[in-house]
Amino acid sequence: QVQLVESGGGLVQPGGSLRLSCAASGIILVFGAVDWYRQAPGKQREYVARITSGGTTNYTGPVRGRFTISRDNNKNTVYLQMYSLKPEGTAVYYCKANRVGTEFWGQGAQVTVSS
């Protein structure tokens, strides 16, 4: 059974930092691409970042230069380091593991950016 568990969310002030973790069981993350998405209140879920099996990374424009996606193969975990957080970054953040013909989602981690 595949499980993705996000952690590291919380309340942070504007300009602050958080690191989200996506720990996997039942699947080896390095064998496929892993994405981070987020869903703000009242909005559709949107793509944030990707790391491929080869380690190539990609970011949506609004977070480029402030967020970093990385992977620890030994821990079978993908991270999203977030710097200079803005109030519009308030959302539930989800990780997604991609395989041919299917995908697996975590349950999400709440990030609230507020003073």
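Residues numbered from 1 in each chain as written. Predicted model: local features only at pLDDT ≥ 70, side-chain atom pairs only at ≥ 80, totals over all residues. Heavy atoms only, no water.

## Side note on the environment of Ser53
Looking at where Ser53 falls in the secondary structure, it is placed in the loop between β5 (46–51) and β6 (57–59). Classification of Ser53 as partly exposed rests on a relative accessible area of 42%. When the C-alpha atoms of Ser53 and Val30 are compared, they prove to be 5.0 Å apart, with 23 residues separating the residues in sequence. In this structure Ser53 touches Val30, Phe31, Gly32, Ala33 and Arg71, once residues within four positions along its chain are discounted. (Helix = DSSP H or I, 4+ residues; strand = E, 2+ residues; numbered from the N terminus. Buried < 20%, exposed > 50% of the residue type's maximum accessible area, 1.4 Å probe, protein only. Contact = heavy atoms within 4.5 Å.)

## Section: the packing of aromatic side chains
A full pass over the atoms with the stated rule returns three aromatic pairs. Site record: aromatic cluster; members linked through ring pairs are Tyr37, Tyr47, Tyr94 and Trp105. Seen from the ring of Trp105, Arg45 lies directly overhead, with NZ or CZ sitting 4.6 Å from the centre. (Phe/Tyr/Trp six-rings, centres within 6.5 Å; stacked < 30°, edge-to-face > 60°. Lys NZ or Arg CZ within 6 Å of the ring centre and 35° of its normal.)

## Describing the pairing of strand β1 (residues 3–7)
Burial of the side chains of β1 is restricted to one face: Leu4 and Glu6 are buried, whereas none of Gln3, Val5 and Ser7 on the reverse face is. In the sheet, β1 pairs with strand β3 (residues 18–25) via five bridges, with the strands oriented antiparallel. Across the sheet, the residue bridging to Glu6 is Cys22, located in β3. (Pairing = 2+ DSSP bridges.)

## What to know about the pairing of strand β11 (residues 109–113)
Only one face of β11 is buried, namely the one carrying Ala109, Val111 and Val113, since none of Gln110 and Thr112 on the opposite face is buried. For strand β2 (residues 10–12) and β11, the ladder comprises three bridges, and the chain directions are parallel. Bridge pairing links Gly10 to Val111 in β11. Inspection of the sheet shows strand β9 (residues 91–99) paired to β11 by three bridges, in the antiparallel sense. Across the sheet, residue Tyr93 finds its bridge partner in β11, namely Ala109.

## Structural notes on the state of the cysteines
Disulfide: a covalent bond formed between the sulfur atoms of two cysteine residues. Summed over the entire model, instances satisfying the criterion amount to one disulfide. In this model, Cys22 is linked to Cys95 through a disulfide, with the two sulfur atoms separated by 2.1 Å. In this structure, the disulfide formed by Cys22 and Cys95 twists by about 65° around the S-S bond and is classed as right-handed. Taken together, the residues span a long stretch of sequence, with Cys22 in strand β3 and Cys95 in strand β9 at a distance of 73 residues. Of the two residues, Cys22 and Cys95, neither departs from the other in class, the shared state being buried. (Disulfide = S-S within 2.5 Å.)

## Overview of the environment of Asn98
One can find Asn98 in strand β9. A residue is classified by how much of its surface remains accessible, and Asn98, at 14% relative accessible area, is buried. Through-space distance from the C-alpha of Asn98 to that of Thr68 is 19 Å; in sequence the pair is 30 residues apart. In contact with Asn98, not counting residues within four places along its chain, are Gly32, Ala33, Val34, Asp35, Arg50 and Glu103. One polar contact links Asn98 to Lys96, side chain to side chain, over a distance of 2.4 Å. (Polar contact = N/O pair within 3.5 Å; in protein donor to acceptor, adjacent residues only side chain to side chain.)

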